[in-house]
Amino acid sequence: MEPDTLLKLFARNRDLFSNRVALREKDLGIWQRTTWREYWEHVCRFTLGLRQLGFRKGDKLSILGDNCREWLYADLAAQASSGISVGIYPTDVASQVQYILENCGSRFIVAKDQEQVDKVLEIKDQVPLLQKIVVVDMKGLHRYRDPLLISFAEVEALGKELHDQQPGLFEEMVQSTNPDDVAIIVYTSGTTGKPKGAMITHRNVLAMIRGLSQVLDFKASDSFVSALPLCHIAERMFSLIFPLWAGCTVNFAESVATLQDDLQEISPTAFLNVPRIWEKMHSNVMIRMQDAVFFKRWIFNAMLPVGRKVSELRLAGRSVPIHWRILHALAYLLLFRPLRNHLGLLEARIFVSGAAPLSPDLMRFYHAIGIPIRECYGMTEISGISCIPRDGEIKIGGVGKPVPGVEIKIAEDGEILQRGELVFAGYYGNPDATKEAVRDGWLHTGDVGEIDAQGDLRITDRKKDIIITAGGKNISPSEIENSLKFSPYVKEAVVIGDRRKYLTCLIQLEFETVAHWAQNNRIPYTNYKSLATHAEVRKLIQGEVDKSNENFARVETIKKFTILDKELDQDDEEITATMKVKRAMIEKKFRHLIDAMYN
Amino acid sequence: MTELLEIRNVSLHFGGILALNHLDMKVRQGELHAVIGPNGAGKTSLFNCISGVYRPSDGEILLDGKNVTGWKPHEIAHAGVARTFQNIELFSHMNVIDNLLLGCHAQMRTGPLSGAIFFGRALAEEVQYRLHVEKIIDFLEIEKVRKKPVGTLPYGVQKRVEIGRALAMKPRILLLDEPVAGMNVEETEDIARFVLDVKEEMGVTIVMIEHDMGVVMDIADTVTVLDFGSKIAAGTPDEVQCDPRVIAAYLGE
């Protein structure tokens, strides 16, 4: 019988791949391996340990912390108990953690380290339901005497006792998992209002696997580096679900700070990231090139256009003439290979960008250096990815065709509607919001887009973000913002202009690169604020805005802009944990700056 | 708790200058003992006496009941006393790992010859200490810089590396000379947390010279106050804080 839950897939992998490496984590400077069999045993012990502590069918286990092996053990353990696992962003502050714990009614939480434990202890009196805090890394907790605390290792030891008494119990629990049970609750990042918990069943996830396996050919020899927060559906797919389907290896970096070095060491074969990180990698390359010796700069400037030309031909589906091929081979040896090696992407063959639109300029840059990013479309409510370009069908600005099993249509007002087995089971404890999102079986995405002649979807923008100027023209702010963010000096741009005469923009500087620029130009500064208010920096950004304006029609150009004198921060509720700006909040908070641009 | 380190009636002269004047001090096993006092009070001289750099003109220093007065610095180090310095004294062109491995040197049993052949016991020992170094790197959260030359690191990180090198000796007593001098608030908090963790998780006894009263009052178990080479007060942070002689020494009469 085909496995119909994630846990049954897991059991299959244990037998199929038993001694192959499933997980690697860099610890004490060495990549420590976990085979599929060991992976299984850890999950078995932790599941039974939780059972000893009173975790039952339908209970929720929250997981709070940076990505690590134990994150996945806990995730699978909750599901193996026919319970639900709920990921919380490690960057969430205590009150946000409290909201999620209360909202989903978790009795158990796994916290990675002291930093996370402190947050939970701070709010434990407000969440009386909470029974145990399982701590992965006990470092620094020597003085803590709270009876709620228990270490991950202790729970596994409890589980081992039970396993010795009833060796068949775990297998039984795994086999009794039901495809219609909710497997995970994923809290949406909440750019407007409080986060909502989207319930995703085993059936949803398996349907997604069935669809995507016809588009992306993942193999057991593939490897990923787990870099984005695991509580996000995209990372959960790459670090948990795809490996359970194809037997790939997942690698965990030593710490957030060492990610770039670890990426180089692992050189993964598939790479998923959000536009923010692709932007960052691009600006790092540009800055390094500015500092490079003359010869290297010359190579870069001479070879990049070769890559651009060849990738343009390939994207257009035309054949590449022989002389361009020879030049391209040279460019590969001199520039693209070392560059990809530096980025840790030499071995990679599948590149995916998701969660937000990627600027076309950025797409062209990466395609030119031999990193063919596919932009995909997806959302938590559709259990991950719903549209992705097939091999050889990548288009700049397009997100491809729906994966098999997903039906798409465009509503009269332009909103994208989706239907299929992938559509989630509803928001936890919020039937009103569910009814709002799923009407007559169609998931209303809140995004506006169109389908072109080849059947590929193009996303225009979020429906509620579309700006209608005082002149009555519809404008998609994210296109303009992405064009601005292509500049290495701009980290965040928020275009404003709804029901106003012209467009303006709030800009946050990319501190590192602007600081670097200031040093090279002998401009004295002390911190972000002093840079943001400097007249020379303003001139620099004006230049970048002018450059970006050339790409747009007159009504779509930015007439005035203001550089924010503080960096946007999740703690100040200006951006979400996934680095998306909360427009409404920003427009309210910086009202005075915005009004000043219209007087 | 028993006394691990005892300073008994120690005096130190430099010609006519009296750096330490009949000083008595007891450091109990497992405590964090702070030594405070104005500039020139003799705090660093005391550390130099303990670690064997200076030989006291008079008096005795007892380590775990054994008289170690006049021992050479390397003998003291072998006996389990490690220290950091007021100005960072690392090998700035070596990377972090090598600096820490150097800290292990005193513990290593194999000689240069077997080290050169690098087989059997020497190899096993190298691996063992390399692991020890990695544990310290993990403890101090300096993974990101483990292969960087120390000279290129920011001041606060260098200070951490220096503490790491002292810990690499697997000390019983750690002497810290102004560990948070010149640091910003965040770096200071980090170091204070590490010092507490060293005490509680590694069970190392710590003697710390520090000017940052906030840190001293927060984390020290016992405080000894020196002025002009003499002890003017000793006790818990609260007791010392209220002592009129201490206030006078710090603020003037």
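The structure presented is a predicted model; accordingly, all values stated were derived computationally and were not measured.

(A) The arrangement of the overall build of chain B in detail. Along chain B, the regular secondary structure elements total 10 helices and 10 strands. Whereas a compact globule of 253 residues would reach a radius of gyration of roughly 18 Å, chain B reaches 19 Å, a difference of no more than 12%. Taken along its principal axes, the extent of the C-alpha atoms in chain B is 65 × 40 × 35 Å. Out of the 253 residues in chain B, the part that is buried amounts to 51%. Of all intrachain contacts in chain B linking residues separated by at least 6 positions in sequence, the fraction that spans at least 24 positions is 69%. In the form shown here, chain B has an accessible surface area of approximately 11,800 Å², with 55% of it arising from carbon and sulfur atoms. The averaged location of the 35 negative side-chain charges in chain B is 8 Å from the averaged location of its 25 positive side-chain charges.

(B) Structural view of the interface of chain A and chain B. With 14 residues of chain A at the contact, the number on the chain B side is 14 residues. Counting the surface lost from both chain A and chain B, the interface buries some 1,200 Å², and carbon and sulfur atoms represent 48% of this. When the area that chain A buries against chain B is broken down by residue, the three leading residues are Leu28(A), Lys139(A) and Arg143(A), summing to 48%. Between chain A and chain B we count three salt bridges in total. Between Glu200(B) and Arg143(A) there is a salt bridge whose closest N-O contact spans 2.7 Å. The interface formed by chain A and chain B includes nine residue pairs in polar contact (both at pLDDT 80 or more).

(C) Region of interest: the packing of helix H11 (residues 275–291) of chain A against helix H17 (residues 511–520) of chain A. Residues and elements named next belong to chain A. Where H11 contacts H17, the two axes come as close as 10 Å, and the packing angle between them is 15°. Of the possible angle classes, the one that applies to H11 and H17 is roughly parallel. Of the two possible hands of crossing, H11 and H17 adopt the one that is left-handed. Between H11, through Lys280, Ser283, Ile287, Gln290 and Asp291, and H17, the contact on the second element is made entirely by Glu512, Thr513, His516 and Asn520. A breakdown of the residues in the contact of H11 with H17 according to their chemical character gives one nonpolar, five polar and three charged.

(D) Main features of the domain arrangement of chain B. Residue and element names in this part refer to chain B. Domain annotation of chain B identifies domain 1 (1–80 + 171–253) and domain 2 (94–169). Together domain 1 and domain 2 conceal approximately 1,400 Å² of surface at their shared face, both sides included; 73% is due to carbon and sulfur atoms. Along the contact surface separating domain 1 from domain 2 lie one salt bridge. Residue Asp190 pairs with Arg160 through a salt bridge whose shortest N-O separation is 3.5 Å. The interface formed by domain 1 and domain 2 holds two residue pairs in polar contact (both at pLDDT 80 or more) in total. Contributing elements (two or more residues each) for the side of domain 1 that touches domain 2: helix H2 (73–78), strand E7 (173–177) and helix H7 (185–202). Top contributing element to the side of domain 1 that touches domain 2 by residue count: H7, with nine residues. Class assignment for the residues of the side of domain 1 that touches domain 2 results in 11 nonpolar, two polar and seven charged.

(E) Representation of the nonpolar core. Phe10(A), Tyr39(A), Phe46(A), Leu61(A), Leu212(A), Phe218(A) and Ile388(A) are the most contacted members of the largest nonpolar core, which has 97 residues in total. Broken down by element, the residue count for this core peaks at 10 residues, all from helix H9 (residues 233–246) of chain A. The two domains that each donate at least three residues to this core are domain 1 (6–178 + 227–257) and domain 2 (275–462) of chain A. Those residues in contact with Ile388(A) that sit more than four places away from it in its chain are Leu212(A), Val215(A), Leu216(A), Val352(A), Arg374(A), Cys376(A), Val399(A), Gly400(A), Lys401(A) and Val403(A). By size, the runner-up hydrophobic cluster in this structure holds 53 residues, among which are Leu32(B), Ile136(B), Phe194(B) and Met208(B).

(F) Expanded view of the environment of Leu230(A). Residues and elements named next belong to chain A. Topologically, Leu230 is positioned in the loop between strand E10 (223–226) and H9. Overall, the relative accessible area of 1% leaves Leu230 in the buried class. Contacts of Leu230, omitting those with residues within four sequence positions, involve Asn67, Trp71, Leu72, Glu235, Arg236, Ser239 and Phe252.

(G) Representation of a nonpolar patch on the surface in the model. Residue and element names in this part refer to chain A. Together, Leu327, Leu330, Tyr332, Leu333 and Leu334 make up a nonpolar patch on the protein surface, roughly 440 Å² of accessible area in all. Relative to the helices and strands, Leu334 resides in helix H13 (residues 322–343). Look at Leu334 and you get partly exposed, because its relative accessible area is 39%.

(H) Here's a closer look at the pattern of salt bridges. Residue and element names in this part refer to chain A. Scanning the model with the defined rule gives 58 salt bridges over all chains in all. Of the charged contacts, one joins Asp465 and Arg583 as a salt bridge, the two residues approaching to 3.3 Å between their closest N and O atoms. With Asp465 in the loop between strand E23 (457–462) and strand E24 (467–468) and Arg583 in helix H20 (residues 583–589), this pair connects stretches of sequence that are 118 residues apart. Among the residues examined, Arg583 registers a relative accessible area of 13% and is labelled buried. Bridged by salt links that share partners, the residues Arg276, Glu279, Lys280, Glu510 and Glu512 form one connected network.

Thresholds applied
- Residues numbered from 1 in each chain as written.
- Chains lettered and ligands numbered in written order.
- Predicted model: local features only at pLDDT ≥ 70, side-chain atom pairs only at ≥ 80, totals over all residues.
- Heavy atoms only, no water.
- Helix = DSSP H or I, 4+ residues; strand = E, 2+ residues; numbered from the N terminus.
- Rg over C-alpha atoms; globule rule 2.2 N^0.38 Å.
- Buried < 20%, exposed > 50% of the residue type's maximum accessible area, 1.4 Å probe, protein only.
- Contact = heavy atoms within 4.5 Å.
- Areas by Shrake-Rupley, 256 points an atom, 1.4 Å probe, with all protein chains shown as cover.
- Lys, Arg positive; Asp, Glu negative; His and termini not counted.
- Charge placed at Lys NZ, Arg CZ, Asp CG, Glu CD.
- Buried area = accessible area lost by both parts, 1.4 Å probe.
- Salt bridge = Lys/Arg side-chain N within 4 Å of Asp/Glu carboxyl O.
- Polar contact = N/O pair within 3.5 Å; in protein donor to acceptor, adjacent residues only side chain to side chain.
- Axes fitted to C-alpha atoms, helices over the stretch in contact; angles between N-to-C directions.
- Parallel < 35°, antiparallel > 145°, perpendicular 65-115°, else oblique.
- Left-handed = near helix turned anticlockwise from the far one by under 90°.
- Nonpolar A, V, L, I, M, F, W, Y, C, P; charged D, E, K, R; others polar.
- Domains from an automatic or database assignment.
- Core = buried A, V, L, I, M, F, W, Y, C linked by side-chain atoms within 4.5 Å.
- Patch = residues over 30% accessible without salt bridge, like charges linked within 9 Å, V, L, I, M, F, W, Y side chains within 5 Å.

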